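Chain by chain, the residues:
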Amino acid sequence: MFGFISNLLKNVNLLYFLGVCAVSIILILLPLSAKTTIGALVSGFFYYPLIELDHFLLDLTATKKSNIELNRQLAEKAMQLAECAEMRHENARLRRMLDFDIHTKQRLVPAKVIAARSMPDAPALIIGVGADKGIKVNNPVVTAEGIVGKTIAVSSRTSTVQLLTDHNCRISAIDQSTRTLGIIRWKGGKLLEMGDVPIESQLAVGDTIVSSGLGGIFPAGLMIGTVVYAKNRSGSLFKDVLVRPAVKFWSVEEVFVILYGK
Amino acid sequence: MANRFINIQIVSGIIVALAFNIVVMPRTVILGAVADMPLVVTIWIALTSTPRTAIIFGFLMGLLVGFARPAELGWSSVLLALVAYGIAALKDRLVMESMWLRIAGLFAAALIYRLLYFALARYGLLETNSAFVMITTLLSAVYTTVLGIIVFGFIKHRRMIRDLFQ
């Protein structure tokens with residue numbers, strides 16, 4: 001017995017282990033409430049930064065998930081917003097056209113622009129109404145803003161519209177304030193030229209030019225544009241007059257075709 | 001100088017094991033199996049230092065693990081100290097220089113540790129209701145061994161790895 005204890009005392013590592021076991025047994029024998037209190041106190045000190053890191057990582061994961069969801073919702077709302085903006089514009093256009101329809105005396109056929117021909121000298125629009133709606137060649141085509149052009153070819157369901165910005169298009173026009181007559185034609189660029197305006201005319205910049213009704217195609221009083229340049233040319237009997245068209249030809253989406261007789 | 005190195009090793013081992021236990025372990029559960037980083041670090045210390053250091057380290061590590069799970073306070077420290085002592089004592093007799101022997105030792109230790117843990121739970125000594133599932137125990141031992149291979153490999157080749165990033 002004495003020999004065993006003597007050998008045991010010589011094995012320092014075993015003594016260490018037994019010491020550790022003794023401390024552990026004391027800890028094991030503690031009541032659970034005491035263990036919990038000690039655990040909470042020591043964990044609060046040792047584990048605090050790690051628990052914070054753990055919470056941070058959890059938050060990061062949750063934030064990432066919520067970010068993905070919010071981005072998806074944002075994209076969805078952006079699409080809805082774009083759709084709403086488009087509908088708002090369409091609504092405004094249609095309201096203007098409706099107002100124009102009510103106040104005009106001609107019979108109007110509404111039409112959607114379905115294609116555009118962008119040849120530089122002869123631009124044209126294709127509209128989605130044709131002979132089946134009573135459209136014929138040389139029917140005036142207008143919007144609420146003013147004259148767009150006239151039909152030059154008609155099929156059963158579509159029609160080709162020659163724009164004012166076509167070299168071959170001519171309209172008899174009149175200055176609303178001075179009642180000066182002239183011929184509107186396009187000579188390139190963004191403006192129209194009003195020819196055959198005598199130098200004696202009092203036509204001035206800012207005057208409104210409308211169709212005169214002469215020529216037999218366009219009814220009188222349809223808006224063409226506003227004078228932006230009017231000067232006498234030296235040695236000529238006529239003025240140089242440039243008109244800014246009221247219609248933005250490149251952004252027309254809906255038009256009316258004027259049919260003769262209500 | 002050697003003592004100072006061992007102290008640094010012990011402190012960094014404790015920090016890494018605790019960080020892994022709190023932050024990584026709950027997120028890396030595979031089929032119910034969990035890797036036991038405190039056990040891996042304890043075995044590494046047991047393999048590289050004296051039995052006395054291993055016992056103290058195992059005890060301290062067990063104590064810290066126990067503080068996080070108060071029901072196991074005391075048991076975890078005695079189990080880890082026992083594993084550390086066993087490995088440290090066997091190391092010199094079996095000459096565990098080969099990496100494969102060390103890994104085998106790690107697997108055996110992980111398995112024995114898990115089995116002891118569940119034996120204690122089964123006899124109601126842990127004051128916790130841990131259901132014993134053999135397959136999960138085996139998987140946990142394998143998972144711990146894989147983690148040990150990574151950690152041991154990293155420690156063995158740390159200079160080479162450090163040079164790669166310089």
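What counts and how
- For every chain, the first residue of the written sequence is number 1, and numbering continues from 1 onward in sequence order.
- Whichever chain is written first is A, and whichever ligand is written first is 1; the rest continue in order.
- Whole-chain, interface and lining totals are the exception, using all residues; otherwise, since this is a predicted model, local features are given only for residues with pLDDT of at least 70 and side-chain atom pairs are given and counted only at 80 or more.
- Two strands form a pair only when DSSP identifies at least two bridges running between them.
- For the purposes of this entry, the term helix denotes a DSSP run of H or I that reaches at least four residues, the term strand denotes a run of E that reaches at least two, and both are numbered from the N terminus.
- Every angle, taken between N-to-C directions, lies between 0 and 180 degrees, and every axis is a line fitted to C-alpha atoms, over only the stretch in contact when it is a helix.
- Working definition of a contact: two residues with C-beta atoms, positioned from the backbone, lying within 7 Å.
- For our purposes the nonpolar core covers buried Ala, Val, Leu, Ile, Met, Phe, Trp, Tyr and Cys residues that link as a set through C-beta atoms within 7 Å.
- Burial is judged by counting other C-beta atoms within 10 Å of a residue's own C-beta: 20 or more means buried, 12 or fewer means exposed, and anything between counts as partly exposed, with every C-beta placed from the backbone.
- One less than the residue count of a helix, multiplied by 1.5 Å, gives the span that helix is expected to have.
- Directions are taken from the helix axis to each C-beta atom, and the arc is the one they span.
- Should an angle fall under 35 degrees it is called roughly parallel, over 145 degrees roughly antiparallel, and 65 to 115 degrees roughly perpendicular, with every other angle called oblique.
- By definition, any crossing whose near helix is turned counterclockwise from its far helix by less than a right angle is left-handed, and any crossing with a clockwise turn is right-handed.

Trainee: So, the pairing of strand S12 (residues 254–259) of chain A: which residues are in play, and what are the values?
Mentor: Residue and element names in this part refer to chain A. Across 6 bridges, strand S1 (residues 107–117) lies against S12 in antiparallel orientation. Residue pairing across strands places leucine 108 opposite isoleucine 258, the latter belonging to S12. Taken together, the 2 bridges between strand S3 (residues 140–142) and S12 define a ladder with antiparallel strand orientation. Within S12, the position partnered with valine 141 by the bridge is valine 257.

Trainee: Account for the sheet that holds S1(A), naming residues and giving values.
Mentor: Backbone-to-backbone hydrogen bonds pair the strands of a sheet. The strands run either parallel or antiparallel. Residues and elements named next belong to chain A. Pairing is antiparallel around the closed barrel formed by 6 strands, whose spatial order is S1-S2-S5-S4-S3-S12. Each adjacent strand pair in this sheet contributes to an overall mean axis angle of 45°, direction not counted. Direction of pairing for S1 relative to strand S2 (residues 124–127): antiparallel, over a ladder of 4 bridges. Within S2, the position partnered with alanine 115 by the bridge is isoleucine 126.

Trainee: I'd like a rundown of the interface of chain A and chain B, residues and numbers included.
Mentor: On the side of chain B, 21 residues touch chain A, which itself brings 23 residues to the contact. Elements with a contribution of two residues or more to the side of chain A that touches chain B: helix H2 (12–29), helix H3 (32–46) and helix H4 (48–103) of chain A. Among the elements that line the side of chain A that touches chain B, the one with the most residues is H2(A), at 10 residues.

Trainee: Kindly report on the nonpolar core, identifying the contributing residues and their values.
Mentor: Residues Ile43(B), Ala54(B), Ile55(B), Ala81(B), Val83(B), Ala84(B) and Ile87(B) are the most contacted members of the largest nonpolar core, which totals 51 residues. At the level of elements, H2 of chain A together with helix H1 (2–24), helix H2 (37–48), helix H3 (51–68), helix H4 (75–94), helix H5 (99–122) and helix H6 (134–156) of chain B are the ones that each hand at least two residues to this core. When residues of this core are assigned to their parent elements, the largest contribution, 11 residues, is made by H4(B). Aside from chain neighbours lying at most four places away, what touches Ala54(B) is Ile45(B), Ala46(B), Ser49(B), Ala84(B), Tyr85(B), Ile87(B) and Ala88(B). Counting residues in each nonpolar core, the second largest holds 39 residues, with Ala111(A), Val161(A), Phe218(A) and Ala246(A) among its members.

Trainee: Talk me through H2(A); I want residue IDs and the actual numbers.
Mentor: The terminal C-alpha atoms of H2(A) lie 26 Å apart, and with 18 residues this matches the ideal 26 Å at 1.5 Å per residue to within 8%. Taken as a whole, H2(A) has its buried residues at Phe17(A), Val20(A), Ser24(A), Leu27(A) and Ile28(A). Around the axis of H2(A), the buried residues are gathered within 95° of arc, so they sit on the same side. Across from the buried face of H2(A), at angles greater than 90 degrees, the exposed residues are Val12(A), Leu18(A), Ala22(A), Ile25(A), Ile26(A) and Leu29(A). Elements in contact with the buried residues of H2(A): H3 and H4 of chain B.

Trainee: Describe the packing of H2(A) against H4(B), with residues and values.
Mentor: One way to put it is that H2(A) packs onto H4(B) with a least axis distance of 8 Å and a crossing angle of 165°. When the axes of H2(A) and H4(B) are compared, the pair comes out roughly antiparallel. Once H2(A) is placed against H4(B), the crossing between them reads as left-handed. Counted together, Asn13(A), Phe17(A), Val20(A), Cys21(A), Ser24(A) and Ile28(A) of H2(A) and Trp75(B), Ser77(B), Val78(B), Ala81(B) and Tyr85(B) of H4(B) form the full contact between these two elements.

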